[in-house]
Each structure stands twice: as C-alpha cells, then as structure tokens.
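Summary of structural features
Chain residues, written in single-letter form:
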Amino acid sequence: MSASRTASFTGARTLLFWSGITVLCAWVLVPIYLVALGALGGKTGVYKWPKSILPTNVSIDPFLLFLKTEGVATAFLNSLGAAAITVALSILIGAPAGYALARYQFRGKDSFRLLVLLTRAFPLAILALPLTVSFIRMGLYDTVVGVGLVHTVLALPFAALVTQGIFMGVPRELEEAAWVFGCSRIEAFFRIVAPIALPGLAATAVFAFVISWNEVFAASVLTVRNRTLTAYLLTVLAESPLHYRFAGGLLLILPSVVFIFAVRRYLFAIWGISSK
C-alpha cells in the first residue's frame, strides 16, 4: 500500500514538474511565435483571427523590406557594438570585483557591497542631463562607445554581485593546491577558478547583453545620428504599419535568442546538464 502511494506521489510530482516546464516554455515561446507570424505574414497575417497554429502564406518580403529601411542596418550594428562593449567591460571589471569580494576580507566590505547595489537606486532620468553635458565635453556624445559605457554602468553592479556568488562556490582549497604546485595567484585564477566559474560568467554575459540590447532611454538621450536599434525603432515605427512593427520586434528578439543559444552549453552547465 505504501509502495503504491509512493509511486502515485512520484508520478504526480513528475506530472506537476513537466506541466510547469510546459507552461514556462509556452510563456516564453508563444509570444515570440506570434511576433514572428505578424512579421512574416504581412497585413493579412497581422489581422487574421483566430491565429492558425501552422503558418500560412508566410513570406519574408515584409521582413526583408523592413531590413532595407534606411537606418535600420546601421542602428542594428550600433546595438551590437554597444552590447559587445557592455559584455566585455562587465566581465573584465565585474569579475575581478566579484572575486575580490568573495576571497578577501577588508574594512568596509559590506558597505562597499551595499554601495555597489545602491548605484541602481538612482533613476537614469535624473542623470540624463549631467551625463549629456559630460559626454559632450569628453567627445563621447552621439557615439556607440558612450552608450556602451552607460549600459556598462547599468549592468556592472549586478555583474559584480553575481560573480561574487559564483566565486564563493569555487572551493578555495583548489587555489591553495595550485599555489602549492607553483602557480601564482593569477595563474591559479586562470587555470583553476576561471574554467570552473565559466558557466556563471556566461550567465553574467547574457544578463549584460540583454540589458544593453533592450535599453532605450539612455540610447535615445545620448545619441542623435548613431542611435541603437531600440532608440531608432522607437521613433521610426510610431507611424509605421502594424506588420512593420512586428518585424521590428522580431529583429529585437532574434539577437538575444541567438546569443543565448550560442552560450547555452555554459548555461546548462550551471545545473549540471550536458549540451553539445
């Protein structure tokens, strides 16, 4: 009797688990699918109701026509450039900061950690005017580098705190063993700690990329001609047909999906899942 109850409980728990996974996947994938239908289905696909599960009359012509719109390709490259700067600086600055917080004890450590987090407490709108004036003086206004620096400021606090937790999960004894065998602190970090922490660093990179790719306020305020894709679409698509808006939304979604897919093996490694 107890064995049957245990089997029933296990079956119910498995069913509940996979039901939750199904709902979560639907929550993420269904909106992307509907955006793709609106972008590739033209005017008829946008206004057709009810939506068909299998796409009909799909054409990439509206999407290609949107890509050929003046300024879209340049804005797309600007977004990629700003996101690349954000990811690189967030890892290069945030990872050492997180390692220092995880491994060393120093006066004011807790206060420093709190101050790092409090940098996100100030709304970006308050800093817009001083940032604009400073960037004009430094020659960074209306540049991809300037936008990338602002996005780095937005992503860096979380990068430092997330990497701190990652490095705290790496046993210190492994580094000490590397020191015993003749490695310096830097060599031990790159040979021992960094490979183990690589999945977490990949997750941090994804987080930084998504912050930069989706950010619109700073990109709109600090640029005029060299706008990122989000800032450009905010002004261009206001008067555009609905299927062009869906094409713009699809163009915003795809790079994030591709980037996450590219680093999926490192993300899966966090939960011990192998992926090839």
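First things first, this report covers the structure right here in the doc. These numbers come from a predicted model, not from an experiment.

Rules behind the numbers
- Residues numbered from 1 in each chain as written.
- Predicted model: local features only at pLDDT ≥ 70, side-chain atom pairs only at ≥ 80, totals over all residues.
- Heavy atoms only, no water.
- Helix = DSSP H or I, 4+ residues; strand = E, 2+ residues; numbered from the N terminus.
- Buried < 20%, exposed > 50% of the residue type's maximum accessible area, 1.4 Å probe, protein only.
- Contact = heavy atoms within 4.5 Å.
- Salt bridge = Lys/Arg side-chain N within 4 Å of Asp/Glu carboxyl O.
- Phe/Tyr/Trp six-rings, centres within 6.5 Å; stacked < 30°, edge-to-face > 60°.
- Patch = residues over 30% accessible without salt bridge, like charges linked within 9 Å, V, L, I, M, F, W, Y side chains within 5 Å.
- Areas by Shrake-Rupley, 256 points an atom, 1.4 Å probe, with all protein chains shown as cover.
- Expected span 1.5 Å × (residues − 1).
- Bend = angle between axes of the 7 residues up to and from the residue.
- Core = buried A, V, L, I, M, F, W, Y, C linked by side-chain atoms within 4.5 Å.
- Axes fitted to C-alpha atoms, helices over the stretch in contact; angles between N-to-C directions.
- Parallel < 35°, antiparallel > 145°, perpendicular 65-115°, else oblique.
- Left-handed = near helix turned anticlockwise from the far one by under 90°.
- Nonpolar A, V, L, I, M, F, W, Y, C, P; charged D, E, K, R; others polar.

So, on to the overall build of the protein chain. A count of helices and strands for the protein chain gives 13 helices and 0 strands. By residue count, 35% of the 276 residues in the protein chain fall in the buried class. Long-range pairs, those at least 24 residues apart, make up 73% of the contacts in the protein chain with a sequence separation of at least 6.

What follows is about the pattern of salt bridges. Following the criterion strictly, the structure yields 3 salt bridges and no others. The partner of Arg-103 in a salt bridge is Glu-175, and the shortest N-O contact between them spans 2.5 Å. Of this pair, Arg-103 sits in helix 4 (residues 72–103) while Glu-175 sits in helix 8 (residues 172–180); the two residues are 72 residues apart in sequence, bridging distant segments of the chain. Residue classification places Arg-103 among the buried residues on the basis of a relative accessible area of 11%. For Glu-175, a relative accessible area of 0% gives the class buried.

With that settled, the discussion passes to the packing of aromatic side chains. Counted according to the given criterion, the structure contains 8 aromatic pairs. Residues Phe-158 and Phe-207 carry aromatic rings whose centres are separated by 5.5 Å and whose planes lie at 70° to one another, so their mutual orientation is edge-to-face. Highlighted residues: Phe-158 in helix 7 (residues 144–168) and Phe-207 in helix 9 (residues 185–214), separated in sequence by 49 residues. In this structure Phe-158 comes out as partly exposed when scored by relative accessible area, which is 29%. Owing to a relative accessible area of 36%, Phe-207 belongs among the partly exposed residues under this scheme. Through a chain of ring-to-ring contacts, the aromatic side chains of Tyr-99, Tyr-104, Phe-167, Phe-189 and Phe-190 assemble into a single cluster.

Another aspect to go through is unusual backbone geometry. In this structure, Asp-142 is a non-glycine residue whose phi angle is positive, near 60°. Note that Asp-142 resides in the loop between helix 6 (124–138) and helix 7. In this structure Asp-142 comes out as buried when scored by relative accessible area, which is 9%.

Nonpolar side chains collect at one region of the surface, where Leu-24, Trp-27, Val-28 and Leu-29 lie side by side and expose about 480 Å² of accessible area between them. Within the fold, Trp-27 resides in helix 1 (residues 2–40). Overall, the relative accessible area of 70% leaves Trp-27 in the exposed class.

Here we come to helix 7. Over its 25 residues, helix 7 extends 34 Å from the first C-alpha to the last, a length consistent with the 36 Å expected when each residue adds 1.5 Å. Largest kink in helix 7: about 40°, centred on Ala-155, with the proline Pro-157 one to four residues after it.

So, about the nonpolar core. Counting residues in hydrophobic clusters, the biggest one holds 28 residues, and the most contacted among them are Phe-66, Val-72, Val-150, Leu-229, Leu-250 and Leu-251. When residues in this core are grouped by element, the largest group, 5 residues, is from helix 9. Beyond its immediate sequence surroundings of up to four residues, Val-72 is in contact with Phe-66, Leu-67, Leu-229, Tyr-232 and Leu-251. Judged by nonpolar contacts, the second largest core, of 11 residues, contains Ala-95, Phe-167, Val-170 and Ala-197.

The subject of this paragraph is the packing of helix 8 against helix 9. Taken N-terminus to C-terminus, the directions of helix 8 and helix 9 make an angle of 140°; their axes are 9 Å apart at the nearest point. By the angle between their directions, the pair helix 8 and helix 9 is classed as oblique. Pair helix 8 / helix 9 crosses with right-handed handedness. Between helix 8 and helix 9, the residues in contact are Leu-174, Glu-175, Ala-178 and Trp-179 and Arg-185, Ala-188, Ile-192, Val-193 and Ile-196, respectively. The residue makeup of the contact of helix 8 with helix 9, split by class, is 7 nonpolar, no polar and 2 charged.

At a minimum axis separation of 9 Å, helix 7 and helix 9 run at an interaxial angle of 145°. Of the two possible hands of crossing, helix 7 and helix 9 adopt the one that is right-handed. Listed contacts from helix 9 to His-151, Leu-154, Ala-155, Phe-158, Ala-159, Val-162, Thr-163, Ile-166 and Phe-167 of helix 7 are Phe-189, Val-193, Ala-197, Gly-200, Leu-201, Thr-204, Phe-207, Ala-208, Ile-211 and Ser-212. Counted by class, the contact of helix 7 with helix 9 contains 14 nonpolar, 5 polar and no charged residues.

Moving on: helix 9. Helix length check: helix 9 (30 residues) gives 37 Å between terminal C-alpha atoms against 44 Å at 1.5 Å per residue, more than 12% under. Taken as a whole, helix 9 carries its principal kink of about 55° at Leu-198; the proline Pro-199 stands between one and four residues after it.

Turning next to the environment of Thr-74. Tracing the sequence through the fold places Thr-74 in helix 4. A residue is classified by how much of its surface remains accessible, and Thr-74, at 45% relative accessible area, is partly exposed. Considering only alpha carbons, one finds Thr-74 and Arg-225, 151 residues apart in sequence, at a separation of 9.8 Å.

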